[in-house]
Amino acid sequence: MSDVTIDDLPVRDELRGKSPYGAPQLDVPVRLNTNENPYPLPEPLVERIAERVREAARGLNRYPDRDAVELRTQLARYLTRTGGHEVTRAQVWAANGSNEIIQQLLQTFGGPGRTAIGFEPSYSMHALIARGTGTGWISGPRRDDFTIDADAAARAIAENRPNVVFLTTPNNPTGNAVPRETVLALYDAAQAAGPSIVVVDEAYVEFSHGDSLLPLLQGRPHLVISRTMSKAFGAAGLRLGYLAAAPAVVDAVQLVRLPYHLSAVTQATALAALEHTDTLLGYVEQLKAERDRLVAELRALGFEVTESDANFVQFGRFDDAHRAWRDILDRGVLVRDNGVPGWLRVTAGTPAENDAFLDAVRGLKKERNA
Ligand SMILES: *Cc1c(COP(=O)(O)O)cnc(C)c1O
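Reference entry: report on the structure contained in this document.

Calculation notes
- The numbers attached to residues start from 1 for each chain and follow its sequence in the written order.
- Only residues with pLDDT of at least 70 are given local features in this predicted model, and only at 80 or more are side-chain atom pairs given and counted; all residues enter the totals for whole chains, interfaces and linings.
- Note that the side-chain values use all heavy atoms of the structure and ignore hydrogens as well as water.
- Counting from the N terminus, the helices are the DSSP runs of H or I reaching at least four residues and the strands are the DSSP runs of E reaching at least two.
- Two things to know: the radius of gyration comes from C-alpha atoms, and the globule rule equals 2.2 Å times the number of residues to the power 0.38.
- The cut-offs for exposure are 20% and 50% of the maximum accessible area for each residue type, with area from a 1.4 Å probe on protein chains only; residues under the lower value are buried, those over the upper are exposed, and the others partly exposed.
- In what follows, residue pairs with any heavy atoms lying within 4.5 Å of each other are defined as contacts.
- Here, proximity means that at least one heavy atom of the residue falls within 4 Å of the molecule or strand.
- Pairing of N or O atoms within 3.5 Å defines a polar contact, subject to two protein rules: one partner must be a possible hydrogen donor and the other a possible acceptor, and residues neighboring in sequence count only if both atoms are side-chain atoms.
- The Shrake-Rupley method, run with a 1.4 Å probe, gives the accessible areas here. Residue values count only the displayed protein chains as cover.
- Here the term charged refers only to Asp, Glu, Lys and Arg, the term nonpolar to Ala, Val, Leu, Ile, Met, Phe, Trp, Tyr, Cys and Pro, and the term polar to all other amino acids, Gly among them.
- Take the buried residues of types Ala, Val, Leu, Ile, Met, Phe, Trp, Tyr and Cys, join any two whose side-chain atoms come within 4.5 Å, and each joined set is a nonpolar core.
- Source of the domain bounds: an automatic or database domain assignment.
- A pair of strands is labelled paired if DSSP reports no fewer than 2 bridges between them.
- Throughout, an axis means a line fitted to C-alpha atoms (over the contacting stretch in the case of helices), and angles, computed between N-to-C directions, take values from 0 to 180 degrees.
- The salt bridge criterion pairs a side-chain nitrogen of Lys or Arg with a carboxyl oxygen of Asp or Glu, the two atoms within 4 Å.
- We treat Lys and Arg as the positive residues and Asp and Glu as the negative residues; His and chain ends play no part in the count.

**Some points on the overall build of the chain**
Right, on to step 1. Within the chain one finds 12 helices and 12 strands.
Right, on to step 2. Expected size for 370 residues packed as a compact globule is a radius of gyration near 21 Å; at 21 Å, the chain falls within 12% of this value.
Right, on to step 3. With the C-alpha coordinates of the chain rotated into their principal frame, the extents come out at 65 × 60 × 55 Å.
Right, on to step 4. Among the 370 residues that make up the chain, the fraction classed as buried is 52%.
Right, on to step 5. When contacts within the chain are restricted to residue pairs at least 6 apart in sequence, those whose partners lie at least 24 apart make up 72%.

Here is the structure:
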């Protein structure tokens, strides 16, 4: 039995020879590779989670609220308070991470015989989830400086007529935001070609210099904004993502979501976290300041740095980015090699972690110049 490998199994053709998503989870003193928030949850919140989960545990003989009504109400309240636009519960849907939100959207609006486009380099999970849902993937263009050329992107949409368009802003792994005018132009291009669903992935929007694109939902029934509690909320382990869109989009994803997909424990934990929104988001300003410090210090050291609106920074350029990644790892700091030739990505950590990272790259520079 043990000599049977994946190649011996009758897996779908499009999965043959492929690798799973996998940022290395290495045991290193300083881990700045997956854009997590470096601060553990504050103790009063841990207590509140325990309370809420204890309460939920008494009802675990029953299935959870399939429609997550209380949670969606609180998420809508958070969006209304911070997004500059009134969002109702009927416009919000939640799932196990925004990756599941994206999967549900592709199951609903993509699928076999359909396509999705993203402008790369961007978040690699969009293409991977497209593959997993049998959706064809189109890699749209970016300029060499990683901005999106709106005309070239609109042409790609007109030529390919994709069913789903992904725009990640701020973008991962490059860090730069997509200007509002570009989003508007590409939404219009997608409606002229399709109409297609435009998914704006705002996983990092809380770290942005600019505002959320939530107000654009007004009058744009094919626009979806996806969000997560994994980054600014510092709750990557919770697995809670959500979307805001026209109520009809929320109705549509009901057709593919698994019944009771969001466990009672998850809903209780997320509700406790939302009671402590202000404390959780209290670290965002500090992380933004650390992000800006990383940009300034890397530039002072002579690195090229992409403008960042996120909690991470893309820096280069390296003749061999993977070797540089190794050299930094050898100095005890784990950053990310996203496969963008010449560039690496570092997450803004605590001030001490960022100092350790800056020491490591300073050492690298010295050694290379020696
Ligand atoms: C981290 C990240 C997510 C978050 O995914 P979750 O499943 O919510 O943890 C979504 N989109 C982008 C662009 C990300 O970088």
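So much for the structure itself; the text now carries on.
**Focus: the site of the ligand**
Right, on to step 1. The local shell around the ligand holds 13 residues, among which Ser98, Tyr204, Thr228, Ser230 and Lys231 are the closest.
Right, on to step 2. Thr228 places a polar side-chain atom, nitrogen or oxygen, 2.6 Å from an oxygen atom of the ligand.
Right, on to step 3. Arg239 has a polar side-chain atom sitting 2.7 Å from an oxygen atom of the ligand.
Right, on to step 4. A total of 390 Å² of accessible area belongs to the ligand in isolation, and the protein chains cover 94% of it.
Right, on to step 5. Here the residues of the shell around the ligand sort into three nonpolar, seven polar and three charged.

**Observations regarding unusual backbone geometry**
Right, on to step 1. With omega at -5°, the peptide bond leading from Thr169 into Pro170 counts as cis.
Right, on to step 2. Relative to the helices and strands, Pro170 is located in the loop between β5 (164–168) and α6 (180–193).
Right, on to step 3. Cis geometry marks the peptide bond from Gly316 to Arg317; its omega dihedral reads -15°.
Right, on to step 4. The residue Arg317 is located in the loop between β10 (312–316) and α11 (321–330) in this model.
Right, on to step 5. Unusually for a residue other than glycine, Tyr260 sits at a positive phi of about 60°.
Right, on to step 6. Within the secondary structure, Tyr260 sits in the loop between α7 (247–253) and α8 (264–275).
Right, on to step 7. By relative accessible area, Tyr260 is classed as partly exposed at 28%.

**Some details on the nonpolar core**
Across soluble globular proteins, nonpolar side chains show a tendency to be buried alongside one another.
Right, on to step 1. Counting 59 residues, the largest nonpolar core has Leu71, Phe119, Leu167, Met229, Leu240 and Tyr242 as the members making the most contacts within it.
Right, on to step 2. When residues of this core are assigned to domains, at least three fall in each of domain 1 (6–41 + 278–369) and domain 2 (43–268).
Right, on to step 3. With 27 residues, the next largest nonpolar core counts Phe315, Phe318, Ala324 and Leu358 among its residues.

**Some words on the sheet that holds strand β12 (residues 344–347)**
Right, on to step 1. What the three strands build is an open sheet, ordered β9-β10-β12; its pairing is antiparallel. Looking at strand neighbours, the two that pair on one side only are β9 (304–305) and β12, the edges of this open sheet.
Right, on to step 2. Bridging between β9 and β10 involves two bridges; their strand directions are antiparallel. By the bridge assignment, Val305 is partnered in β10 with Phe315.
Right, on to step 3. Against the sheet, helix α10 (residues 282–300) makes contact with β9, β10 and β12, and its axis sits at roughly 10° relative to β10, the strand it touches most.

**Quick look at the pattern of salt bridges**
Right, on to step 1. Following the criterion strictly, the structure yields 20 salt bridges and no others.
Right, on to step 2. Measuring nitrogen to oxygen at the nearest pair gives 2.9 Å for the salt bridge that ties Arg293 to Glu290. Placement of both Arg293 and Glu290 in helix α10 is noted, with a separation of three residues, approximately one turn of the helix.
Right, on to step 3. Each of Glu290, Arg293, Glu297, Asp355, Asp359 and Arg362 takes part in salt bridges that share partners, so that together they form one network.

**Things to note about the side chain of Arg345**
Right, on to step 1. Within the fold, Arg345 resides in strand β12.
Right, on to step 2. Buried charge without a partner: Arg345 forms no salt bridge, and the closest opposite charge is Glu36, 8.8 Å away.
Right, on to step 3. In this structure the side chain of Arg345 is engaged in a polar contact, spanning 2.6 Å, whose partner is the side chain of Asn172.

**Focus: the pairing of strand β7 (residues 223–228)**
Right, on to step 1. Extensive coverage of β7 is indicated by the burial of six of its six residues.
Right, on to step 2. In β7, alternate side chains face the same way, and those of Leu223, Ile225 and Arg227 on one face and Val224, Ser226 and Thr228 on the other are all buried.
Right, on to step 3. In the sheet, strand β6 (residues 197–201) pairs with β7 via four bridges, with the strands oriented parallel. Across the sheet, residue Asp201 finds its bridge partner in β7, namely Ser226.
Right, on to step 4. In this sheet, strand β8 (residues 241–245) lies alongside β7 in antiparallel orientation, the contact comprising five bridges. For Thr228, the partnering residue across the bridge sits in β8 and is Gly241.

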